[in-house]
Amino acid sequence: MSTATPGSERQAQRDKQIQQAEEILATVPQEQGVAKGLFWGDFVADWIFPYPQIPAAQQPEVDAAVAEVTRFCEDELDPVRIDREATIPPEVIARLRDLGVLGMTAPKENGGRGFSQMGYGRVLEVLGGHCSSTSLFVNAHHSIGMRALILFGTEEQQRRWLPGLVGGETLAAFALTEPEAGSDAANVQTTAVPSDDGTHFILNGEKRYITNGSIADVLTVMARTPVPGTDKTAITAFFVTPDMPGFEVTEAKMEKLGVRGSTTSRLAFHEMKVPRENILGPQGQGLKVALTVLNFGRTTFGAVCTGTAKTCLRLATEYAKQRTQFDRTLAEFELVQQKLARMAAWTYAMDAMTTVTAGLIDRGLEDYMLETAMLKVYSTERLWTIVNDAFQIFGGAAYFTDLPLERMLRDNRINQIGEGANDVLISFTALTGIRGPALRLKDVSDAVQKPWSGLGTIGKFAADRASARLGTPHVPVRSAHLEPHARRLGKLIRRFGNAVQKTLITHREEIIERQLVQERITWAAMELFATACVLSRWDHEGGGADNHVAALFVTESLADAERWLDALGSNNDQTLLAAAQAVIG
């Protein structure tokens, strides 16, 4: 019989969570970029201003690619058929290959088109606005499946696999998710044990929900390998191919609510021998591989969501202007106008956030993990409301299959779950963002115990806190019209940094359990990040008073940030949790 107490079990769970978090955070450099800066009450302006642009030399090629893909979507891509038949026809895949979409960001020397992340995002935005199944297929192949090879593959691995993947003759998949591991990426249970002679690894385990899983020719598989000289294990990435003995497709095409055209599979590995040369990246660094490619996937996720949002806005606006009720068009009613205005404002912001985040990748920065997480959560949450509002404007007509909105409703619900469930990413963003300030407070606490040797630490902390309370971060807009908005944003960033410090002092190590607090911190941070991106875009476009869509977004987003911060001190958490316990029993 176990003698563990509930308290000791909870502490063990907390220690495991901290260990997993540190394992994840150790995979990337801990730079203070724009997102992490917010948690200190700082604004790292040069990560957002000036508004990023596609390189002038590449712009004509990107414009041509966007035009080609738009014509393909309008003339050849049939999302109704893809949804009805639950498959992407071979001729569609062939056309995507001919258009260069399947290898768009791969280097030209490897047969790709060498597009920047921003340029590629513009193409994915078009696909996302037409067919979610097709954009998901492309994203799984290119943004997470092939991307790992481009970033971490050896010259020999790239020479062997990249030409076929870039040209689309072979397809890629990324196999991370398991029954016990999904958003909890560090909990992978699939194992890979080295052979006695060290020439290969024996892979055992199973994967599920793998996009392109049963049609891929090359799969990046995450598995646990022993850490030499210890009793620990670490995640390693492997290249596997379906022709390896022991590879099994246990369910080739799982039936789904939406994105029915994409292939989602269950896989299993039984004593499968994987050559040592198929390790992708350093042994034991698979988590870094996984999180890096997911950052790319989340950025293109933002582009796809932006494309879908633009389609919803266009459909809803056109319908509201021609549909008559009570002798007036729907567009004349204020509640409809409210929906259209907010749809437009959120779409504008999603576009700006995607552009800024892609720009961080294109600049060669390394630590943009929080920015991609915030982009993913913000864009998918806002898109779900946009789809729902478009549905509401269409009324009963949207419920029938002769219009695309019922399909779009089904297709886009997965967005809040895939590539990291939003609830998990909300906690991840808060806990990762507060890590720096928390370590600083710990240093100060330790210094207090050693007053003589710790005077420098205590003094610097006091000076920094005084500066944070009195100084306001500068948001460098050029337009005089935007200066009041920029000043308000700066003041809220300062308030946010102070709120983070106060929250850490109040909750200390218990903050890891306080998910309602984490939610408020993350949403406040996301609104500040979104506002900064919109101000940068608005400023780039001239910063004029006639941009009512941008003005609406900035005004409402900053008000939302204030509400989230207010709720840190005034909320009904205890009543809510008591009610939850009454339900749970």
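In this text the structure is predicted, and so the values were computed from the model without any measurement.

## Overview of the environment of Leu335
Step number 1: Along the chain, the position of Leu335 falls in helix H10 (residues 334-362).
Step number 2: Separated by 58 residues in sequence, Leu335 and Ile393 have C-alpha atoms that sit 9.6 Å apart.

## Thoughts on the state of the cysteines
Step number 1: Tallied over the entire structure, the rule returns zero disulfides.
Step number 2: This cysteine, Cys73, is not joined by any disulfide, and Cys131 carries the nearest cysteine sulfur, 8.2 Å off.

## So, the nonpolar core
Step number 1: Core analysis: the largest hydrophobic core is formed by 92 residues, its most contacted members being Phe43, Ile48, Met343, Ile393, Phe496, Leu528 and Phe529.
Step number 2: Ile48 has contacts with Val34, Phe43, Val356, Phe529, Ala532, Cys533 and Ser536, leaving out every residue within four places of it along the chain.
Step number 3: Listed in part, the 30 residues of the second largest apolar core include Leu77, Ile93, Val101 and Val123.

## Quick notes on helix H17 (residues 548-569)
The periodicity of an α-helix, 3.6 residues per turn, causes residues three or four places apart in sequence to face the same way.
Step number 1: When the terminal C-alpha atoms of H17 are compared, their 33 Å separation across 22 residues agrees well with the 32 Å that a helix rising 1.5 Å per residue should span.
Step number 2: The complete set of buried residues in H17 reads Ala550, Phe553, Val554, Ser557, Leu558, Ala559, Asp560, Ala561, Leu565 and Ala567.
Step number 3: Among the structural elements, H10, helix H11 (369-394), helix H15 (483-507) and helix H16 (515-540) are those in contact with the buried residues of H17.

## Quick look at the pairing of strand E3 (residues 200-211)
Step number 1: As defined by bridge partners, strand E2 (residues 191-194) adjoins E3 across four bridges and the pair is classed as antiparallel. Considered in E3, the bridge of Ala192 is made with Leu203.
Step number 2: Where E2 folds back on E3, the antiparallel hairpin that results is connected by five residues, among which Gly198 adopts a positive phi of roughly 75°.

## Quick notes on the packing of H10 against H11
Step number 1: Interhelical geometry of H10 versus H11 gives an angle of 155° and a closest axis separation of 10 Å. Taken together, H10 and H11 sit at an angle that is classed as roughly antiparallel. Along this stretch, H10 crosses H11, giving a crossing that reads as left-handed.
Step number 2: Considering only residue class, the contact of H10 with H11 consists of 14 nonpolar, seven polar and four charged.

## Considerations on the packing of aromatic side chains
Pairs of aromatic rings are described using the distance from one ring centre to the other and the angle between the two planes.
Step number 1: The tally for this structure, following the rule as stated, stands at 11 aromatic pairs.
Step number 2: Seen from their ring centres, Trp161 and Phe239 are 4.7 Å apart, and the 45° between their planes marks the pair as tilted. Highlighted residues: Trp161 in helix H8 (residues 155-167) and Phe239 in strand E5 (residues 233-240), separated in sequence by 78 residues.
Step number 3: Taking relative accessible area as the criterion, Phe239 reaches 1% and is therefore assigned buried.
Step number 4: Measuring from centroid to centroid gives 6.1 Å for Phe391 and Tyr399, while their planes differ by 85°, and the two rings are edge-to-face.
Step number 5: You can call Tyr399 exposed: its relative accessible area is 63%.
Step number 6: The side chain of Arg328 reaches across the aromatic face of Phe333, ending 4.5 Å from its centre.

## Quick look at unusual backbone geometry
Step number 1: For the peptide bond that leads from Phe49 to Pro50, omega is -10°, which places it in the cis range.
Step number 2: Here Pro50 lies in the loop between helix H2 (34-39) and helix H3 (59-75).
Step number 3: Not every positive phi belongs to a glycine, and Asn212 is a case in point at roughly 70°.
Step number 4: Note on placement: Asn212 falls in the loop between E3 and strand E4 (218-226).
Step number 5: Among the residues examined, Asn212 registers a relative accessible area of 0% and is labelled buried.
Step number 6: Even without being a glycine, Asp327 presents a positive backbone phi close to 65°.
Step number 7: The topology assignment puts Asp327 in the loop between strand E9 (324-325) and strand E10 (328-329).

Reading the values: rules and limits
Residues numbered from 1 in each chain as written. Predicted model: local features only at pLDDT ≥ 70, side-chain atom pairs only at ≥ 80, totals over all residues. Heavy atoms only, no water. Helix = DSSP H or I, 4+ residues; strand = E, 2+ residues; numbered from the N terminus. Disulfide = S-S within 2.5 Å. Core = buried A, V, L, I, M, F, W, Y, C linked by side-chain atoms within 4.5 Å. Buried < 20%, exposed > 50% of the residue type's maximum accessible area, 1.4 Å probe, protein only. Contact = heavy atoms within 4.5 Å. Expected span 1.5 Å × (residues − 1). Pairing = 2+ DSSP bridges. Axes fitted to C-alpha atoms, helices over the stretch in contact; angles between N-to-C directions. Parallel < 35°, antiparallel > 145°, perpendicular 65-115°, else oblique. Left-handed = near helix turned anticlockwise from the far one by under 90°. Nonpolar A, V, L, I, M, F, W, Y, C, P; charged D, E, K, R; others polar. Phe/Tyr/Trp six-rings, centres within 6.5 Å; stacked < 30°, edge-to-face > 60°. Lys NZ or Arg CZ within 6 Å of the ring centre and 35° of its normal.

Remember, this is a structural readout, not a statement about activity or role.
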